[in-house]
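Analysis of the macromolecular model
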Amino acid sequence: MTTAYEAVTAALEWLTRQFTITFITGNRYKLFLTGLRNTLIIAFGAVIIGTFIGAVVAMIRVYSAQSGKLRALDKLCGAYLAVFRGTPIVVQLLIMYYIVFSFIDNGISIAVLAFGINSGAYVAEIVRAGILAVDIGQTEAGRSLGLSSGKTMRLIVLPQAIKNILPALGNELIALLKDTSVAGYVTVKDLAQAGENVRTLTAEPYFSLLFVAAVYFLLVMGITKILRIAERRLAKSDRH
Amino acid sequence: MIVIEGLVKKFGANTVLGGVTERVRPGEKVAVIGPSGSGKSTLLRCLNLLERPDEGRILFDGEEITDPKCDADSVRRRMGMVFQHFNLFGNMTVLKNITLAPVKLKIMTPGEAEEAARALLSRIGLTDKADAYPAMLSGGQKQRVAIVRALAMNPRVMLFDEPTSALDPEMVGEVLDVIREVAAAGMTMVIVTHEMGFAREVASRVMFIDGGRVKETGPPKEIFDAPRDPRLQEFLSKVI
């Protein structure tokens with residue numbers, strides 16, 4: 001018959017062993033660190049590319065709809081949205097790696113590009129909705145003062161649009177961060193892949209996978225917090 | 001100063017302006033009156049090209065602004081516009097609203113623009129609101145700021161599109177006072193308005209528009225005391 005004391009000792013031993021083989025043995029913590037670094041590089045790189053593409057595409061589509069100009073470019077943007085929202089990210093990633101950039105063997109760069117281009121399609125629709133939600137009177141007032149359509153968009157409409165869409169952009173950012181966990185498909189050693197790697201090495205699923213889940217969770221919590229601060233700052237013009 | 005020749009504007013199958021030929025002389029204060037949907041606002045919006053006329057020409061200081069090659073932005077810099085719904089830039093302070101266009105269009109340095117803006121704000125008694133955001137102002141205060149925002153560009157003409165229609169009754173007076181002051185300073189003005197008393201008092205000429213055509217125009221005394229057009233007689237009997 002085992003006593004409570006023995007049970008606790010056994011549990012502690014098990015935990016210590018699990019911890020040791022997951023993080024210490026063979027300096028496996030370094031695998032997690034490299035994974036985290038790669039995940040952050042891909043996510044941030046993709047956010048920058050995605051935001052840029054999204055903003056440009058959204059402005060082209062809004063401008064085209066309002067002025068009737070740039071029709072061909074508008075069609076091109078529509079096709080881009082259809083293709084990149086219409087196919088799974090994993091498939092896009094594989095196509096980028098094995099077909100489009102088959103001559104380059106740099107999984108991280110290709111992942112940054114693939115996730116960025118994919119995210120841009122979603123960001124474009126978010127930004128477009130945000131721009132359309134800004135009262136047309138703001139644009140008319142800007143134009144009536146002699147500001148060009150570009151200046152009016154950049155100085156007046158876009159800042160107000162961004163304020164409106166911040167929660168939706170936050171959603172996209174969080175989704176993007178978690179989506180990068182499939183980067184392992186193209187040989188990238190990202191955070192999820194590190195967990196999987198250590199799981200295989202240790203033949204133990206608990207610590208490796210739960211730890212990786214916890215790190216993703218903390219990253220998302222961090223993003224949520226930053227977004228909330230940004231929202232509060234941008235809301236200063238709403239105070240009555 | 002402004003010459004309008006055979007102006008036609010259609011929205012789809014709906015002809016809003018059916019051939020308007022008119023003239024605004026320097027220093028004139030033209031009040032445009034007429035029933036809702038008669039085309040008054042559209043006429044005003046054609047003057048600074050917020051609406052593109054379908055037929056006819058508009059000359060401003062001898063320049064044909066309806067010419068597709070004409071730079072609309074440079075025309076608008078010389079024409080101030082005040083909107084029914086104020087359209088102050090919601091993401092900027094009152095001061096920034098006023099200084100934005102002069103600074104961004106490199107007409108004034110930031111220092112000059114701020115000095116000019118503060119002088120304008122003191123003229124309308126809103127010096128203490130320089131750092132407030134539009135959301136913190138009353139409707140009357142917003143419209144007064146919108147007027148000085150347009151004045152900050154030192155326009156040759158001021159266009160007012162129903163400047164008091166969106167205001168609570170007790171705020172109409174303060175806005176009309178500002179417009180009155182602008183008129184007294186010699187500004188050429190075109191005002192679309194439903195304030196008949198104000199039109200009679202401030203306008204040097206009243207223009208009655210009905211069904212997209214100018215039905216009668218003349219000094220306020222003639223228009224209000226001895227209207228000849230039957231539609232004008234009917235309109236006045238309803239509104240006065």
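Worth saying up front: this structure is predicted, and the values here are computed from it rather than measured. (Residues numbered from 1 in each chain as written. Chains lettered and ligands numbered in written order. Predicted model: local features only at pLDDT ≥ 70, side-chain atom pairs only at ≥ 80, totals over all residues. Heavy atoms only, no water.)

Counting secondary structure elements, chain A contains nine helices and zero strands. For chain A, the α and β elements follow one another from N to C terminus as α-α-α-α-α-α-α-α-α. Its C-alpha atoms give chain A a radius of gyration of 23 Å, clearly above 18 Å, the size a compact globule of 240 residues would have. If one aligns the C-alpha atoms of chain A with their principal axes, the spans along those axes are about 85 × 55 × 25 Å. Here chain A holds 240 residues, and 40% of them are scored as buried. In chain A, the proportion of contacts linking residues at least 24 apart, taken out of those at least 6 apart, comes to 74%. For chain A, the centre of its 23 positive side-chain charges and the centre of its 14 negative side-chain charges are spaced 10 Å apart. (Helix = DSSP H or I, 4+ residues; strand = E, 2+ residues; numbered from the N terminus. Rg over C-alpha atoms; globule rule 2.2 N^0.38 Å. Buried < 20%, exposed > 50% of the residue type's maximum accessible area, 1.4 Å probe, protein only. Contact = heavy atoms within 4.5 Å. Lys, Arg positive; Asp, Glu negative; His and termini not counted. Charge placed at Lys NZ, Arg CZ, Asp CG, Glu CD.)

This paragraph deals with the packing of aromatic side chains. Scanning the entire structure with this criterion turns up ten aromatic pairs over all chains. Here the aromatic rings of A:Phe19 and A:Phe23 are separated by 4.9 Å at their centres, their planes lie at 50°, and the arrangement is tilted. Of this pair, A:Phe19 and A:Phe23 both sit in helix H1 (residues 4-24), four residues apart, which is roughly one turn of that helix. Classification of A:Phe23 as buried rests on a relative accessible area of 10%. The cationic tip of B:Arg149 hangs over the ring face of B:Phe89; the distance from NZ or CZ to the ring centre is 4.4 Å. (Phe/Tyr/Trp six-rings, centres within 6.5 Å; stacked < 30°, edge-to-face > 60°. Lys NZ or Arg CZ within 6 Å of the ring centre and 35° of its normal.)

It is worth spelling out the sheet that holds strand S9 (residues 205-210) of chain B at this point. Backbone hydrogen bonds are what pair the strands of a sheet, in a parallel or an antiparallel way. Residues and elements named next belong to chain B. Within the open sheet, the six strands sit side by side as S6-S7-S8-S3-S9-S10. Their pairing is mixed. Both outer strands of the open sheet, strand S6 (79-82) and strand S10 (213-218), are each paired with one neighbouring strand and no more. Ignoring which end each strand starts from, the neighbouring axes of this sheet average 15° apart. Helix H1 (residues 40-47) contacts strand S3 (29-33), S6, strand S7 (157-161), strand S8 (188-192) and S9 of the sheet and is inclined by roughly 150° relative to S7. (Pairing = 2+ DSSP bridges. Axes fitted to C-alpha atoms, helices over the stretch in contact; angles between N-to-C directions.)

This paragraph deals with the pairing of S6(B). All names here are of chain B. Neither face of S6 is left uncovered, since the one carrying Met 79 and Met 81 and the one carrying Gly 80 and Val 82 both have all their residues buried. The sheet contact formed by S6 and S7 spans four bridges and is parallel. The partner of Val 82 across the bridge, within S7, is Phe 160.

Before going further, it helps to spend a moment on the sheet that holds strand S5 (residues 63-64) of chain B. Residues and elements named next belong to chain B. Strands sit in the order S2-S1-S4-S5 across an open sheet of four strands; the sheet is antiparallel. Looking at which strands have only one partner, the edges of the open sheet turn out to be strand S2 (14-24) and S5. Here strand S1 (residues 2-11) pairs with S2 via eight bridges, running antiparallel. In the strand pairing of S2, Lys 9 is matched with Leu 17. Its contacts with the sheet place H1 against S1, S2 and strand S4 (55-60), and it is angled at close to 120° to S1.

Here the focus is the side chain of A:Gln92. Residue and element names in this part refer to chain A. Positionally, Gln 92 belongs in helix H4 (residues 89-100). Residue classification places Gln 92 among the buried positions, given a relative accessible area of 6%. In this structure the side chain of Gln 92 is engaged in a polar contact, spanning 3.0 Å, whose partner is the backbone oxygen of Phe 84. A distance of 2.9 Å separates the side chain of Gln 92 from the side chain of Asn 118, its partner in a polar contact. (Polar contact = N/O pair within 3.5 Å; in protein donor to acceptor, adjacent residues only side chain to side chain.)

Residue and element names in this part refer to chain B. Locating Thr 127 in the fold gives a position in the loop between helix H4 (110-123) and helix H5 (139-151). When the C-alpha positions of Thr 127 and Ala 117 are compared, they lie 9.4 Å apart, and in sequence the two are ten residues distant. Aside from chain neighbours lying at most four places away, what touches Thr 127 is Leu 121 and Ser 122.

Turning our eyes to something else, we now look at the pattern of salt bridges. Residue and element names in this part refer to chain A. Tallied over the entire structure, the rule returns 28 salt bridges over all chains. For Arg 17, the salt bridge identified is with Glu 204, shortest N-O distance 4.0 Å. With Arg 17 in helix H1 and Glu 204 in the loop between helix H8 (191-202) and helix H9 (206-234), the pair connects residues that are 187 residues apart, well separated along the chain. Relative accessible area serves as the criterion here: at 46%, Arg 17 is assigned to the partly exposed category. Judged by relative accessible area, Glu 204 falls into the buried class, the value being 18%. (Salt bridge = Lys/Arg side-chain N within 4 Å of Asp/Glu carboxyl O.)

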